[in-house]
Amino acid sequence: MARIPIKDIRRLELEKAAYDAINAYGFTGLALEKVAQQAGTVKGTIHHYFQNKEDLMESAARHANREFSQIALERIKAAKSSSERLWSIVALNLSPQFFEPFLTRAYVVILANGIRYKGVLRIYDATHARSVSNLAFALRSLAKREDVKPIANTIWTMIEGAWLLQATRKHNIAGATLAQLADYLSRAVPSFDSSVIGALDHFPEGSSPSNNRT
């Protein structure tokens, strides 16, 4: 098996440091000294690996996307049914591992400032397209063909909306959002097996959508 070059490993470490710095300090976390502090190195090292602030922001977004994609793929492969596959995607996007106020704020910071940067927007567009595609794939055997894409888009819009709203809230809204999504699926996708809800994840604040099944 080919070994990963040291320079590539270091680049990945600094990408994570840039993401962590944004989480800790907001947009000011993209200052070279903040990233260097997070990485335990000096500013000269950051200059060596990143050309400018746009490069830093794109790298932070790439790290977040890569981490999430890996876990999502593992869950999709482990799913035993279309319903489980569908809910695993939904639940992961609102899981404690990712759906925390400080992480959602970092997401909004990167996205808002990334409007000026084509690289960040490319990552966002790719993430959006892949997420809708994953949802649509799970829905193919659960909904009518003509309904698959609209339902997938609606689910993703609800998830995106929750991320934006969470960035402005101190309390976690994951449980309430999952309950709303579960209710939507029970109405929009009658063949969806609601027994998978609550079996895949633990929902905070006693707001498991299993309490709202129809």
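It should be emphasised that the depicted structure is a prediction, and the values quoted were computed from it without experimental measurement.

Cut-off values and rules
- Residues numbered from 1 in each chain as written.
- Predicted model: local features only at pLDDT ≥ 70, side-chain atom pairs only at ≥ 80, totals over all residues.
- Heavy atoms only, no water.
- Helix = DSSP H or I, 4+ residues; strand = E, 2+ residues; numbered from the N terminus.
- Rg over C-alpha atoms; globule rule 2.2 N^0.38 Å.
- Contact = heavy atoms within 4.5 Å.
- Areas by Shrake-Rupley, 256 points an atom, 1.4 Å probe, with all protein chains shown as cover.
- Lys, Arg positive; Asp, Glu negative; His and termini not counted.
- Charge placed at Lys NZ, Arg CZ, Asp CG, Glu CD.
- Phe/Tyr/Trp six-rings, centres within 6.5 Å; stacked < 30°, edge-to-face > 60°.
- Buried < 20%, exposed > 50% of the residue type's maximum accessible area, 1.4 Å probe, protein only.
- Salt bridge = Lys/Arg side-chain N within 4 Å of Asp/Glu carboxyl O.

Quick notes on the overall build of the chain
Scanning the chain from terminus to terminus reveals nine helices and zero strands. Mapped from its N terminus to its C terminus, the chain presents α and β elements in the order α-α-α-α-α-α-α-α-α. For the chain, whose C-alpha radius of gyration is 19 Å, the value lies close to the compact-globule estimate of 17 Å for 214 residues. Residue pairs in contact within the chain that sit at least 24 positions apart in sequence constitute 69% of those at least 6 positions apart. Summed over its atoms, the accessible surface of the chain is roughly 11,400 Å², and 55% of this surface lies on carbon and sulfur atoms. Placing the 27 positive and 20 negative side-chain charges of the chain at their respective mean positions leaves the two points 3 Å apart.

Considerations on the packing of aromatic side chains
This model, assessed by the stated rule, comprises four aromatic pairs. Plain terms: the ring middles of Phe 99 and Trp 163 are 5.7 Å apart, the flat faces sit at 75 degrees to each other, and that makes the pair edge-to-face. Of this pair, Phe 99 sits in the loop between helix 5 (82-93) and helix 6 (101-114) while Trp 163 sits in helix 8 (residues 145-166), and the two are 64 residues apart along the sequence. The pair formed by Phe 99 and Trp 163 is uniform in burial state, with each residue classed as buried. Ring centres of Tyr 107 and Trp 163 lie 5.4 Å apart, and the angle between their planes is 70 degrees; this geometry places the pair in the edge-to-face category. Note that Tyr 107 is positioned in helix 6 and Trp 163 in helix 8, a separation of 56 residues in sequence. Note on Trp 163: relative accessible area 13%, which makes it buried.

Examining the pattern of salt bridges
Counted according to the given criterion, the structure contains eight salt bridges. In this structure, Arg 62 and Glu 15 form a salt bridge, with 3.3 Å as the shortest nitrogen-oxygen distance. Of this pair, Arg 62 sits in helix 4 (residues 53-78) while Glu 15 sits in helix 1 (residues 6-25), placing them 47 residues apart in sequence. We classify Glu 15 as buried; its relative accessible area is 3%.

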